[in-house]
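Observations on the three-dimensional arrangement
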Amino acid sequence: MKFIANTETIRNLLSIVTRALSVRPSQPVMEGVLIEVRENCLLLTASDGMFTIHASTEVNEVEPGRLLAPGRFFLETMRKLPDGEMTASQTKSGGLTLSCSGARITIGCQNGEEYPDLPEIVEPHSFSLEQKMLRDMINESSFCIADEDPRVVLTGALLEVSEGRFTVVALDGFRMAVHNRECDTGIAEGKTAVVVPKKSLIEIARLLTEEEEETVLLQIDRNYISAQLGSVRVYARLIDGEFINYQRILPTGWKTRVKVNCAQFSSCVERASLVARESKNNLMRIDVDGDRMVVTSNSDIGESYEEIEVETDGEPMKITFNVRYLSDAFRVIKDEYVYLQMTSPVSPMTIVPFGGDAFLYLILPVRAAA
């Protein structure tokens, strides 16, 4: 194996690919990054068995070959090498020597024959989305995915593709996020629904740009979802199982609806959380009566009391929440105004846009002592 390439280019690709490496790999081969050179192209692959990142770039003066380098050591080595043109060549003992601007270092490698092949996407459904749109939908939903749960499907998010609509749903038993966007999904009737693990979804979001014009090609089959972003392709194994029917959880009406300014209410929640987080229960109480909302919290360290003006429809309401769940939601909501919709002190509250149906958050209240 031999190739010549720009150090910074390889360094940047490695920093992306090594995100797929596990802290505790299931087998030794998964500690490595697969290096393949063929037809003036360098291919880099890393995987933890569930999540795989594959990247490519053009290189010069190629001699084909395949090696498995220790992933994190390879990345650290590239970070220490000076910028400029680098020559990489295989040694007689099967290592890889990297030479750049007078610096030279050799990495011990394996032949890579035992490294698994890339996942095969069989008869996928393919469609493109704006990268920024997908990034926002994931970032504004993923905090509702359970980190651990006996119901394994709750450790992932539901991606639902139907005619003209793409939906991301996440829930952990205490709160739920539903995000909808209209787009050309290529589906004329019916729908495709898959569950993607939390870690994989977050890593995909990290690779997405905020540029409006950039798109990502998604491919979904029965076992995998793949995301193609230029020279980088990501594969994530899906969670097997049927997701909870989230439509049945959604409230069908409300008895109290409050229009709040997001920035004002978010600041109010954050101040209440300073006191609430010092208690065992982390509770915050909302008391709505007419056009006045009172937000209170207390603990051994002190009390918080705040009044804000709101627009209210319906009945007065007193309801208590874990303040963290409200704080998490309002950290990602970008709208100027939203509605808080409630039916009773023990029923879920929904947070919906002032106009449209782009998102919905559902939060379970806490039964407060009388």
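Analysis parameters
- Residues numbered from 1 in each chain as written.
- Predicted model: local features only at pLDDT ≥ 70, side-chain atom pairs only at ≥ 80, totals over all residues.
- Heavy atoms only, no water.
- Buried < 20%, exposed > 50% of the residue type's maximum accessible area, 1.4 Å probe, protein only.
- Helix = DSSP H or I, 4+ residues; strand = E, 2+ residues; numbered from the N terminus.
- Patch = residues over 30% accessible without salt bridge, like charges linked within 9 Å, V, L, I, M, F, W, Y side chains within 5 Å.
- Areas by Shrake-Rupley, 256 points an atom, 1.4 Å probe, with all protein chains shown as cover.
- Salt bridge = Lys/Arg side-chain N within 4 Å of Asp/Glu carboxyl O.
- Lys, Arg positive; Asp, Glu negative; His and termini not counted.
- Charge placed at Lys NZ, Arg CZ, Asp CG, Glu CD.
- Pairing = 2+ DSSP bridges.
- Axes fitted to C-alpha atoms, helices over the stretch in contact; angles between N-to-C directions.
- Phe/Tyr/Trp six-rings, centres within 6.5 Å; stacked < 30°, edge-to-face > 60°.
- Lys NZ or Arg CZ within 6 Å of the ring centre and 35° of its normal.
- 1 Å grid on protein atoms, 1.4 Å probe; cavity = no way out; pocket = protein on both sides within 12 Å on 5 of 7 lines; lining within 4 Å.
- Points joined across faces, edges and corners; volume = space filled by probe spheres on them.
- Nonpolar A, V, L, I, M, F, W, Y, C, P; charged D, E, K, R; others polar.
- Core = buried A, V, L, I, M, F, W, Y, C linked by side-chain atoms within 4.5 Å.
- Contact = heavy atoms within 4.5 Å.

What follows is about helix α6 (residues 323-332). Taken across its ten residues, α6 has eight buried, putting it largely inside the fold. Among the residues of α6, Val323, Tyr325, Leu326, Ser327, Asp328, Ala329, Phe330 and Val332 are the ones counted as buried.

So, on to a negative patch on the surface. Negative charge collects at one region of the surface, where Glu130, Glu211, Glu212, Glu213 and Glu214 lie side by side. Structurally, the position occupied by glutamate 130 is in strand β10 (residues 125-130). Looking at glutamate 130, the relative accessible area reads 36%, which means it is partly exposed.

The strand order across the open sheet formed by four strands is β21-β20-β19-β23, and the pairing between neighbours is antiparallel. A single partner strand is all that each edge strand has here, and the edge strands are β21 (302-309) and β23 (317-322). Taking each pair of neighbouring strands and ignoring which way they run, the sheet shows an average axis angle of 15 degrees. Examined bridge by bridge, strand β20 (residues 292-299) and β21 share eight bridges and lie antiparallel to one another. Pairing of asparagine 298 across the sheet is with glutamate 303, part of β21.

Moving on: the packing of aromatic side chains. One pass over the structure, following the stated rule, counts seven aromatic pairs. Where phenylalanine 359 meets tyrosine 361, the ring centres are 5.7 Å apart and the plane angle is 50 degrees; that geometry is what we call tilted. Both residues of the pair, phenylalanine 359 and tyrosine 361, count as buried. Pairwise contacts between aromatic rings join Phe143, Phe359 and Tyr361 into one cluster. For the cation-ring pair, arginine 257 lies above tyrosine 339, with the distance from its terminal atom to the ring centre recorded as 4.1 Å.

Turning next to empty space enclosed by the protein. Across all of its chains, the model carries one cavity of 30 Å³ or more by this definition. In this structure, the largest cavity encloses a volume near 50 Å³. The wall of the largest cavity is formed by Leu134, Ile138, Leu159, Leu201, Ile204, Leu218, Ile225 and Ala227. Of all elements in the fold, only α3 (131-139), α4 (198-207) and β16 (224-229) reach the threshold of two or more residues within the lining of the largest cavity. In terms of residue class, the lining of the largest cavity is made up of eight nonpolar, no polar and no charged.

One non-glycine residue, glutamate 61, adopts positive backbone phi at about 45 degrees. Here glutamate 61 is to be found in strand β5 (residues 60-63). Despite not being glycine, glutamate 123 has its phi angle at roughly 45 degrees, a positive value.

Formed by 101 residues in total, the largest nonpolar core has its most connected members in Phe3, Phe166, Phe265, Met293, Leu326, Leu340 and Ile351. Discounting chain neighbours no more than four positions away, the residues touching phenylalanine 3 are Ile35, Val37, Leu42, Val59, Asn60, Glu61, Met86, Thr87 and Ala88. Membership of the second largest hydrophobic core comes to 16 residues, among which are Val169, Ile239, Val352 and Leu360.

In this section: the sheet that holds strand β4 (residues 51-58). The eight strands are arranged β6-β2-β3-β4-β17-β16-β15-β10 in an open sheet whose pairing can be described as antiparallel. Two strands lie at the open edges of the sheet, namely β6 (65-70) and β10, each paired on one side alone. With direction set aside, neighbouring strand axes in the sheet form an average angle of 20 degrees. Where β16 meets strand β17 (residues 232-237), six bridges bridge the pair, whose relative direction is antiparallel. Each bridged residue has a counterpart across the sheet, and for glutamine 228 the counterpart in β17 is arginine 233. Across the face of the sheet, α3 comes into contact with β10, β15 (215-220) and β16 while running at roughly 90 degrees to β10.

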